[in-house]
Amino acid sequence: QSFVLTSQSGVLELASGLEYLSEYPHGCLEQRMSQVAPDLVLGKMLKSLELETRFTPMLNSNVKKLLEELSQNQDDGGFFAYWHGSTGDVALTAQGVEFITAAKKLGLPVDDKVRTRAIDALRKVLRSDFNNYYAQYRWNQQVAAIRALARANSLDEHYLIDLYQRRRELDSTSRADLAVAMGERSNVFASNLAALKGELWDAVVFKLA
């Protein structure tokens, strides 16, 4: 018999929750990616705990299929689309780049051509001459793009500062994503991160049940 011991409260519950998410039935690319993404997180956690389970061999197969879907759903501009043949979407492309980055960090084979085209597409999103936004969510979509670029180690710090200066126009989720992006360069953006964290805590509302 083997026993798994941890001093971190909730770790095993987290693993159980990720397994639950991985069993969701889904259809479009975003939903399929949301189905497989927990596998990457769970696989990374199991690897760090040096736990080999029957789940481990399934990971390569599941991720490989999803990466193939990403390439099939990439439009001429490099953006990922919800369905094959449809127009690409900024937020979905950001999610796709983060997925590919996570797979690569786990040592799984990825298509660098697909990855590079998607990263180049997200860089265009940050330019002032890009206008393919949802009108009311321009800054939110730019934050999604820059968070993915930060995690892919393709961050342009000047654009990050521009978005920081517009943080009053962001909702709390996008501010948190901005903090995640700045966290990739925490030594450079220490004071900005401190301000963002303070603002995020100020947005928290506690209610007694």
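Residues numbered from 1 in each chain as written. Predicted model: local features only at pLDDT ≥ 70, side-chain atom pairs only at ≥ 80, totals over all residues. Heavy atoms only, no water.

Novice: Please set out the layout of surface pockets residue by residue, giving values where relevant.
Specialist: Where empty space is left becomes clear once a probe the size of a water molecule has been rolled over the atoms. Put simply, the largest pocket is a space of about 820 Å³. Surrounding the largest pocket, 24 residues form its lining, Gln95, Glu98, Phe99, Arg147 and Arg151 being those nearest its centre. Mapped by element, the contributors of at least two residues to the lining of the largest pocket are helix H2 (29-48), helix H4 (90-105), helix H6 (138-151) and helix H8 (172-183). By residue number, the principal contributor to the lining of the largest pocket is H4, which donates eight residues. Classifying every residue of the lining of the largest pocket by side-chain character gives 10 nonpolar, seven polar and seven charged. (1 Å grid on protein atoms, 1.4 Å probe; cavity = no way out; pocket = protein on both sides within 12 Å on 5 of 7 lines; lining within 4 Å. Points joined across faces, edges and corners; volume = space filled by probe spheres on them. Helix = DSSP H or I, 4+ residues; strand = E, 2+ residues; numbered from the N terminus. Nonpolar A, V, L, I, M, F, W, Y, C, P; charged D, E, K, R; others polar.)

Novice: Explain the pattern of salt bridges to me, using residue names and the numbers behind them.
Specialist: Following the criterion strictly, the structure yields 12 salt bridges and no others. Linking Glu69 and Arg32 is a salt bridge whose minimum nitrogen-to-oxygen distance equals 3.2 Å. Pair noted here: Glu69 is in helix H3 (residues 55-72) and Arg32 is in helix H2, with a separation of 37 residues, a long-range link. For Glu69, a relative accessible area of 23% puts it in the partly exposed group. The salt bridge involving Arg147 is made with Glu98; its shortest N-O contact spans 2.8 Å. A residue pair is termed long-range when its members are at least 10 positions apart, and Arg147 in helix H6 and Glu98 in helix H4 qualify at 49 residues. The exposure class assigned to Glu98 is buried, which follows from its relative accessible area of 16%. Look at the salt bridges and you will find they share partners, linking Glu98, Arg147, Arg151 and Asp177 into a network. (Salt bridge = Lys/Arg side-chain N within 4 Å of Asp/Glu carboxyl O. Buried < 20%, exposed > 50% of the residue type's maximum accessible area, 1.4 Å probe, protein only.)

Novice: How would you summarise the side chain of Glu98 if you had to cite specific residues and measurements?
Specialist: Reaching out from Glu98, the side chain makes a polar contact with the side chain of Arg147 at a distance of 2.8 Å. Among the polar contacts made by the side chain of Glu98, one reaches the side chain of Arg151 at a distance of 2.9 Å. If near-sequence neighbours (up to four positions away) are discounted, Glu98 is found in contact with Arg147, Ala148 and Arg151. (Polar contact = N/O pair within 3.5 Å; in protein donor to acceptor, adjacent residues only side chain to side chain. Contact = heavy atoms within 4.5 Å.)

Novice: How would you sum up helix H9 (residues 190-202)? Please name residues and give values.
Specialist: Counted at 1.5 Å a residue, the expected span for H9 with its 13 residues is 18 Å, and the 19 Å between its end C-alpha atoms agrees. Where H9 is buried, its residues touch helix H7 (157-165) and H8. (Expected span 1.5 Å × (residues − 1).)

Novice: Got a sec to walk through empty space enclosed by the protein? Specific residues and values, please.
Specialist: Using the criterion set out here, one finds one cavity of 30 Å³ or more in the structure. Size it by volume and the largest cavity reaches roughly 40 Å³. As for the largest cavity, its lining consists of Leu67, Ser71, Ile100, Val110, Asp111 and Val114.

Novice: An account of the packing of H6 against H7 is requested, with residue identities and associated values reported.
Specialist: Interaxial distance between H6 and H7 falls to 11 Å at its minimum, and their mutual angle equals 145 degrees. Every pair of crossing elements has a handedness; the one defined by H6 and H7 is left-handed. Along its contact with H6, which presents Trp139, Gln142, Val143 and Ile146, the element H7 presents Tyr159, Leu160 and Leu163. Within the contact of H6 with H7, the residues separate by chemical class into six nonpolar, one polar and no charged. (Axes fitted to C-alpha atoms, helices over the stretch in contact; angles between N-to-C directions. Left-handed = near helix turned anticlockwise from the far one by under 90°.)

Novice: Tell me about the packing of aromatic side chains, and please be specific about residues and values.
Specialist: Tallied over the entire structure, the rule returns one aromatic pair. Taking 6.0 Å as the distance between ring centres and 40 degrees as the angle between the ring planes, the aromatic pair formed by Phe79 and Phe130 counts as tilted. One end of the pair, Phe79, is in the loop between H3 and H4; the other, Phe130, is in the loop between helix H5 (112-125) and H6, and 51 residues separate them in sequence. Take Phe79 and Phe130: they sit in the same class, and that class is buried. Across the ring face of Tyr164, the terminal group of Arg167 is positioned such that the distance to the ring centre comes to 4.1 Å. (Phe/Tyr/Trp six-rings, centres within 6.5 Å; stacked < 30°, edge-to-face > 60°. Lys NZ or Arg CZ within 6 Å of the ring centre and 35° of its normal.)

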